[in-house]
Amino acid sequence: MSVKNGAPYDEGNIFARILRGEIPARPVYEDEHAFAFHDINPQAPHHVLVIPKGPYVSMADFTANAPDALVVGFWRAVGKVARELGLEEDGYRILANAGTNAHQEVPHLHVHIFAGRPLGPMLMQG
Ligand code: AMP
């Protein structure tokens, strides 16, 4: 089910539980601002999720309400993960779904990093 637009943060969401160590994840990178881990249902040879360490549902929520240091630290972590995975040369795509039309499933902001094969057109047509 998609995340309802404007929904409040749900402390029980699966990524909040991963951050609290209640359920396992396959880590890729971690620092004080962000955690990156492998997507459980990969759509490309590299499919990594990067999440901020804070209670934000969406990019709009995060950029409006998170402290500057967290916003900067999160985006630095996204770039660092792409570099450290060696994705710069062949290229990669980052994507963040928000709300109903984008089919956001988990109500904790996450950026997908896809790479490892030609990724096709940016959006499904029609
Ligand atoms: P989105 O549709 O942008 O909200 O994407 C949610 C993503 O989270 C999907 O690609 C799922 O495969 C992934 N996902 C859901 N549960 C887990 C989990 N426990 N560990 C890793 N990835 C997950």
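Details of the structure are given in the entry above.
The structure displayed is predicted, hence computed values, not measured ones.

A.B. asks: How should I be thinking about the nonpolar core in this particular structure?
C.D. replies: Note on soluble globular proteins: their nonpolar side chains tend to be buried together. Ranked by size, the top nonpolar core spans 19 residues in total, and within it V50, F62, F74 and I113 carry the most contacts. When residues of this core are traced back to their parent elements, those giving at least two are strand 2 (34–38), strand 3 (46–52), helix 3 (68–84) and strand 5 (111–115). Broken down by element, this core gets its largest block of residues, 6 residues, from helix 3. Once you skip the residues sitting within four places of it in the chain, V50 turns out to touch A34, F35, A36, F74, V78, L109, H110, V111 and I113. Counting 7 residues, the second-largest nonpolar core is a separate cluster that includes I18, L49, I51 and V106.

A.B. asks: Before we go on, may I ask you to explain the packing of aromatic side chains in this structure?
C.D. replies: To describe a pair of aromatic rings, one takes the distance between the centres and the angle between the planes. Tallied over the entire structure, the rule returns 5 aromatic pairs. Aromatic pair F35 and F37: ring centres 5.4 Å apart, planes at 20°, arrangement stacked. Taking relative accessible area as the criterion, F35 reaches 8% and is therefore assigned buried. Taking relative accessible area as the criterion, F37 reaches 3% and is therefore assigned buried. On the basis of an interplanar angle of 70° and a centroid distance of 5.2 Å, the ring pair of F74 and W75 is categorised as edge-to-face. Assessed through its relative accessible area of 0%, F74 is described here as buried. By relative accessible area, W75 is classed as partly exposed at 34%. Among the aromatic residues, those joined into a ring-pair cluster are Y56, F62, F74 and W75.

A.B. asks: Explanation requested: the sheet that holds strand 3 in the structure shown.
C.D. replies: Within a sheet, adjacent strands bond to each other through the backbone by hydrogen bonds, running parallel or antiparallel. Read from one edge to the other, the open sheet built from 5 strands follows the order 1-2-3-5-4, with strand pairing classed as antiparallel. The strands lining the two open edges of the sheet, one partner per strand, are strand 1 (27–30) and strand 4 (92–95). Neighbour-to-neighbour, the strand axes of this sheet turn through a mean angle of 20°, independent of strand direction. Where strand 1 lies against strand 2, 3 bridges are found, and the strand directions are antiparallel. When the bridges of strand 2 are listed, Y29 appears paired with A36. Against the sheet, helix 3 makes contact with strand 1, strand 2, strand 3, strand 4 and strand 5, and its axis sits at roughly 15° relative to strand 5, the strand it touches most.

A.B. asks: When you look at the pattern of salt bridges in this model, what are you seeing that I'm missing?
C.D. replies: Pairs can form between side chains of opposite charge whenever their charged atoms are close. All told, the structure shown has 4 salt bridges when counted by the stated rule. With a shortest N-O distance of 2.7 Å, K53 and E30 are connected by a salt bridge. Of this pair, K53 sits in the loop between strand 3 and helix 2 (59–65) while E30 is found in strand 1, placing the two residues 23 residues apart along the sequence. Salt bridges sharing common partners tie together E11, R17, R20 and E22.

A.B. asks: Mind showing me how you'd approach the layout of surface pockets here?
C.D. replies: Over the atoms rolls a probe the size of a water molecule, and in doing so it shows where empty space is left. Taken as a whole, the largest pocket spans an internal volume of roughly 950 Å³. Taken together, 32 residues form the lining of the largest pocket, with D39, Q43, H47, L49 and H112 sitting closest to its centre. Breaking the lining of the largest pocket down by element, the ones donating at least two residues are helix 1 (14–19), strand 2, strand 3, strand 4 and strand 5. For the lining of the largest pocket, the element with the most residues is helix 1, which contributes 3 residues. Its residues assigned to classes, the lining of the largest pocket shows 18 nonpolar, 9 polar and 5 charged.

Procedures and definitions
Per-chain numbering applies: the sequence of each chain, read as written, is numbered from 1 onward. Selection of residues for local features in this predicted model requires a pLDDT of at least 70, selection of side-chain atom pairs for listing and counting requires 80 or more, and totals for whole chains, interfaces and linings are taken over all residues. Computation of side-chain values covers all heavy atoms of the structure but excludes hydrogens and water. Here the nonpolar core consists of buried residues drawn from Ala, Val, Leu, Ile, Met, Phe, Trp, Tyr and Cys, with membership extended through side-chain atoms lying within 4.5 Å. Buried residues are those whose accessible area, probed at 1.4 Å on protein chains only, stays under 20% of the maximum for their type, while exposed residues exceed 50% and partly exposed ones sit between those limits. Strands here mean DSSP runs of E at least two residues long; helices mean DSSP runs of H or I at least four residues long; both are numbered from the N terminus. The contact definition used throughout considers only heavy atoms, calling two residues in contact when any of these lie within 4.5 Å. The rule is short: rings of Phe, Tyr and Trp, with Trp giving its six-membered ring, pair when the centres are within 6.5 Å, and they are stacked under 30 degrees, edge-to-face over 60, tilted in between. Strand pairing is assigned whenever DSSP identifies at least 2 bridges connecting the two strands. To get an axis, a line is fitted to the C-alpha atoms, and for a helix only the part in contact is used. The angle between two axes follows their N-to-C directions and goes from 0 to 180 degrees. Salt bridges, as used here, are contacts in which a Lys or Arg side-chain nitrogen is within 4 Å of a carboxyl oxygen on Asp or Glu. Cavities and pockets were defined on a 1 Å grid built over protein atoms only: a cavity is a set of grid points that admits a 1.4 Å probe from which the probe cannot escape, a pocket is an open set flanked by protein on both sides within 12 Å along at least five of seven lines, and lining residues are those with an atom within 4 Å of any such point. Grid points are joined across faces, edges and corners, and a volume is the space filled by probe spheres set on the points. Basically, the charged four are Asp, Glu, Lys and Arg, the nonpolar ten are Ala, Val, Leu, Ile, Met, Phe, Trp, Tyr, Cys and Pro, and anything else, Gly included, counts as polar.

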